[in-house]
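Descriptive structure summary
These are the residues of each chain, in order.
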Amino acid sequence: MLVLALDTATPTLVVGLARWSAGVPAEVLAETAVESGNRHAELLTPAVRAVLADAGVGMAELGAVVTGLGPGPFTGLRVGIVTAAALADARGLPVVGVCSLDAVGTGARSVVTDARRKEVYWAGYDADGTRVAGPGVDRPEDAALSDPVVGDPGFAERLGRPVQAAAVTTAGLLRAAGPQLASGRPDPLVPLYLRRPDAVPPAARKAVSQRVAGQ
Amino acid sequence: MSDQPLVLGFETSCDETGIGLVRGSTLLSDALATSVAEHERFGGVVPEIASRAHLEAMVPTVHRALADAGVTLGDVDAVAVTAGPGLTGALLVGVAAAKAYALALDRPLYGVNHLAAHVAVDELEHGRLAEPSIAMLVSGGHSSLLLVPDLSQDVQPLGQTIDDAAGEAFDKVARVLGLPFPGGPYVDRAARDGDPASIAFPRGLTGQRDAPYDFSFSGLKTAVARWVEARERAGEPVPVPDVAAAFQEAVVDVLTAKAVRACRDHGVDHLVIGGGVAANSRLRALASERCAAAGIVLRTPSPRLCTDNGAMVAALGSRLVQAGVAPSDPSLGADSSMPIDVVSRAG
Ligand SMILES: [Zn+2]
C-alpha cells in the first residue's frame, strides 16, 4: 500500500511517500525535507503536492496517511496533524499518528530535539529501537539520556556530550507506524504537547453582591 | 442538480470552530464547536486552549456540517477559510485543514477576510447586499466601520477602534459587575431591568475634532470600573442593572450615531451590522430606530449568525466563486492582522 507520511514537529517539515507492506522495511519513493521554520502552514500542502508529483502518484492511490504527533512547538505541530487528519478524512483513509522522536535515528539511542525555552524534547530507545524512556520535556541536563545521543546537535555543549545530527525521516515515520498500519485500526490522533497551555486565571475580583434579575 | 456552487467554509479565528455549507446564497448547515467554557476562568480567550480545541473539533465538526446539510465531501465545489484577522495559532488550524481538504478533493481554495465574511453572512438571510453599503462590525475582536462598494473585491475601511473592541468592553464591564464571560449576553440581560439614563457614562471620540468613524471604549470601561469601585468603597450596593444599562447605552449610542453618520456622509442608504455585539438587543433596537429616522435600510443577521461561524465564511466564498475572483495560492498562510481591504488572498 502507498502511504503518505508527514511531520511538522521540528522546524524542518518532512513529507514522504512510501510503499509499505507488513513485515518488511518500507520503500521510500519520494521525500522532501523543507527548512520551513514557522512557515509549516504555507509550505506543507505544496510539499505534499510536490512529493506526489515526484512519485507520479495520485491522491486516489493512497492507502493511508501517517503523521508525527510531536512533541514539538504547538502551532507548527498542529498544522501537520490537522493536515494529515483532513487529507485522510477527505479520501476516506486511515490516519496513523506516531511519536515524532521515534522517527529520528535508529537502534539504541537517545533523541533530543529543540523544545525552546532552553529545554529539549527527549526519548530513549533500546537496541531493538523500542522506546523505553520518554517522551519528555526537560532542561537538557535533566533529561535521562544515554549515548549515543542523536537529534539536534545544538544541544551538545549544554549536554557535555556529542549529539549526532539526525532528523525525522519518512522511513522513520513508517517504521514507527508499522504496528498500527498492520493492525488496520490506528489509535486516535492525540498530539504530544507535554506542556500545559500558558494561562493564568486573573486574580479573583470580589463579586459585586447584587442579584441580577433574569439570571 | 444545481448550478450554484456548494462551498464548505472553515472559521477558526478565535474560540469557535465553525464549519458551514452554503449553496449559492442558501444556508445548508452551520456546525459549531466552541471552547468558550474552557476560557471562562481566565476571563478571556486563551489562544493555546482555543487552538487545541480547534484541532480536536475539526474533523467531527466537518462531518456534522455535512450530515446536517445532507451532502458529502464529493459534492463540495469550493473550500473557503478565514485567513485572518484573528489569533495566529487558531487561524492556522483552520487554514491547514481547509488547504488539506481542498488538495484532497482537488477543489479551489479561498482564503478570506473574517470581517468581510461577517458582512457576507447577511446575504444568506436577506438576499443580495445593496452596493454600496456601510457595514459596522462589532465583536470581541474588532470594531470597524466599512464602506462596501463591492463585497467580493472592494471593501474600504472608514474607521475602527483605537483601543478596546466593543465586545471586549462588554467582557471587562461584565467582570467588574461579577457577571460571567463572555459578558455581552449577560450585560444585555441585566440591562433590561436597569435605567440607561441613571448614570452618565462618557461617549468616547464624539467631540467635534475627533475622528468621525473611529471608536474608543477604553475610557468608558475605566469610568464604569471607577464608578463601581466608588460605590463599593462607600459600602453601598451596586445597582448592577442600572450600571449595565447605562454602560450599554453609552456603547450603542456611539456605535449607531457613527454608523448613521457614515451612511449620511457617503450618501449610502443601506447599513449592515454584524459581529457578536450585533446580537445585542439594545444595539439592534436603537439602530433600527435611528436608521428609520434617517431613511436608511438596516440589515442585521439573526443573532445566531452574528457571532463567528463557518456559514459566514462559506457565504463569502460562494460570493467570490460567483464573482469569478481568483482562488488563493496553495501557499496560503494565516495573517493575524489581515487588512480589511483585502477581501481574499488571491493568486
Ligand atoms: Zn468575528
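With an unreviewed UniProt entry as reference, chain B is termed tRNA N6-adenosine threonylcarbamoyltransferase, source organism Goekera deserti. Entered under Sequence similarities (unreviewed entry) in the UniProt record, the comment concerning chain B runs "Belongs to the KAE1 / TsaD family." Quoted verbatim from the Subcellular location (unreviewed entry) heading of the UniProt record, the comment on chain B is "Cytoplasm".

1. Thoughts on the sheet that holds strand S4 (residues 78-84) of chain B
Within a sheet, adjacent strands bond to each other through the backbone by hydrogen bonds, running parallel or antiparallel. All names here are of chain B. With mixed pairing, the 6 strands of this open sheet are ordered in space as S3-S2-S1-S4-S5-S11. Pairing within the sheet leaves two strands with one partner each, and these edge strands are strand S3 (26-34) and strand S11 (344-345). Here strand S1 (residues 6-11) runs beside strand S2 (residues 16-23); their pairing, made up of 6 bridges, is antiparallel. When the sheet's bridge partners are listed, Glu11 is paired in S2 with Gly18.

2. So, the nonpolar core
Ranked by internal contacts, the top residues of the largest apolar core, which has 91 residues, are A:Val48 and B:Phe10. For this core, the leading source of residues is helix H3 (residues 88-105) of chain B, giving 12 residues. Discounting residues that sit within four places of it in the chain, A:Val48 has contacts with A:Leu4, A:Leu6, A:Val15, A:Met59, A:Leu87 and B:Leu103. In this structure, B:Leu145, B:Phe215, B:Leu220 and B:Val228 belong to the second largest nonpolar core, which totals 52 residues.

3. Some remarks on the coordination of the zinc ion
Residues and elements named next belong to chain B. Surrounding the zinc ion are the protein donor atoms His114 (NE2), His118 (NE2) and Asp308 (OD), which sit 2.1 to 2.2 Å from the metal. Sequence positions of the residues that donate to the zinc ion give the spacing H-x3-H-x189-D. Of this pair, His118 sits in helix H4 (residues 114-120) while Asp308 sits in the loop between helix H11 (303-306) and helix H12 (310-323), and the two are 190 residues apart along the sequence. Asp308 shares its class with His118; the two are buried.

Thresholds, definitions, all that
- Residues numbered from 1 in each chain as written.
- Chains lettered and ligands numbered in written order.
- Predicted model: local features only at pLDDT ≥ 70, side-chain atom pairs only at ≥ 80, totals over all residues.
- Heavy atoms only, no water.
- UniProt positions renumbered as here; feature names shortened; annotations may be inferred.
- Pairing = 2+ DSSP bridges.
- Helix = DSSP H or I, 4+ residues; strand = E, 2+ residues; numbered from the N terminus.
- Core = buried A, V, L, I, M, F, W, Y, C linked by side-chain atoms within 4.5 Å.
- Buried < 20%, exposed > 50% of the residue type's maximum accessible area, 1.4 Å probe, protein only.
- Contact = heavy atoms within 4.5 Å.
- Donors = N, O, S within 2.8 Å, 3.2 Å for Na, K, Ca; no water.

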